[in-house]
Amino acid sequence: LYRLGVMYLDHDRSAEAARVFFKAAQLRPKDVRTLVNLGAAFDAAGSAAQAQDYYKKALVLAPSDSVATCRLASSIYAQASPTDPVKYQQAVDLLRDVIKRRPSAYCAYFTLGVAFADAGLYRDAIRMWRKVVDLAPGTPEAVSSTESIEVLEKFVTK
């Protein structure tokens, strides 16, 4: 069931993924990866509150899980707005905590890079994304980071 759910997520079929991960979670309610991916399926479907509930359930079982924390932070960040800056800060605090506990958690650097770029802090964003490329070359996050670095360097050097 887990692998089937991942396949559905990979093919942007979030509703099917959520149903399959939900069944998998019923069979293995303490499986952290299943809970995190169930959250990811809900995030992909636009149900951030439900997604965050599953990330938090995963973190109850594995408090130091960097992927669950990064997903939670990304989900919270995606809900933030200029009228609700508390969510921005909450997401950044979660990411900084991940980095403090696990300096090799490239997901945290990637998401911080996004946050810095959104805030117009391009040099900081580039620095975060270079860390992703160093820590996890070849990953989708590293590819995206490299592309983003190339774009932002044009603005920073001018």
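Please read these numbers as outputs of a predicted model, since none were measured by experiment. Position numbers for residues count from 1 along each chain, tracking the sequence in the order it is written. In view of the model being predicted, local features appear only for residues whose pLDDT reaches at least 70, and side-chain atom pairs are presented and counted only at 80 or more, with totals across whole chains, interfaces and linings using the full set of residues. Computation of side-chain values covers all heavy atoms of the structure but excludes hydrogens and water.

Participant: If you had to explain the overall build of the chain to someone new, which residues and values would you point to?
Facilitator: Looking only at helices and strands, one finds nine helices and zero strands in the chain. Taken along the three principal axes of its C-alpha coordinates, the chain extends 55 × 30 × 30 Å. Relative to its 158 residues, the chain shows a buried fraction of 42%. The contact rule is simple, with two residues in contact once any of their heavy atoms fall within 4.5 Å. In the chain, the proportion of contacts linking residues at least 24 apart, taken out of those at least 6 apart, comes to 38%. With residues, only the protein chains shown are counted as cover, and all accessible areas are computed by Shrake-Rupley using a 1.4 Å probe. Summing over all exposed atoms, the chain offers an accessible surface of approximately 9,200 Å²; the carbon and sulfur share of this is 55%. Runs of E in the DSSP output that reach at least two residues are strands. Runs of H or I that reach at least four are helices, and both are numbered from the N terminus. Partly exposed residues are those whose accessible area sits between 20% and 50% of the maximum for their type, while under 20% is buried and over 50% is exposed, using a 1.4 Å probe and protein chains only.

Participant: Requested: an account of unusual backbone geometry, with residues and values cited.
Facilitator: Positive phi outside glycine occurs at Asp12, with the angle close to 55 degrees. Within the element layout of this structure, Asp12 appears in the loop between helix H1 (2–10) and helix H2 (14–27).

Participant: Tell me about the nonpolar core, and please be specific about residues and values.
Facilitator: By nonpolar core we mean a set of buried residues, namely Ala, Val, Leu, Ile, Met, Phe, Trp, Tyr and Cys, connected to one another through side-chain atoms within 4.5 Å. Counting residues in hydrophobic clusters, the biggest one holds 48 residues, and the most contacted among them are Leu38, Leu112 and Trp129. The greatest single-element share of this core, amounting to eight residues, is contributed by helix H7 (residues 106–118). Contact partners of Trp129, with chain neighbours within four places excluded, come to Tyr109, Phe110, Gly113, Val114, Ala117, Ser145, Ser148, Ile149 and Leu152.

Participant: Account for the packing of H2 against helix H3 (residues 32–44), with residues named and values stated.
Facilitator: In this analysis, axes come from line fits to C-alpha atoms, helices being fitted only over the stretch in contact, and the angle between any two N-to-C directions falls in the range 0 to 180 degrees. Remark: H2 packs on H3, axes separated minimally by 8 Å, with the N-to-C direction vectors making an angle of 155 degrees. Of the possible angle classes, the one that applies to H2 and H3 is roughly antiparallel. When you trace H2 past H3, the crossing you get is left-handed. In this structure, H2 uses Ser14, Ala17, Ala18, Phe21, Phe22, Ala24 and Ala25 to contact H3, whose residues at the interface are Thr34, Leu35, Asn37, Leu38, Ala41, Phe42 and Ala44. Residues are grouped as follows: Ala, Val, Leu, Ile, Met, Phe, Trp, Tyr, Cys and Pro are nonpolar; Asp, Glu, Lys and Arg are charged; every other residue, Gly included, is polar. Grouping the amino acids of the contact of H2 with H3 by side-chain chemistry returns 11 nonpolar, three polar and no charged. Roughly parallel here means an angle under 35 degrees, roughly antiparallel means over 145, roughly perpendicular means 65 to 115, and every remaining angle is called oblique. Helix crossings fall into two classes, left-handed where the near helix is turned counterclockwise from the far one by less than a right angle and right-handed where it is turned clockwise.

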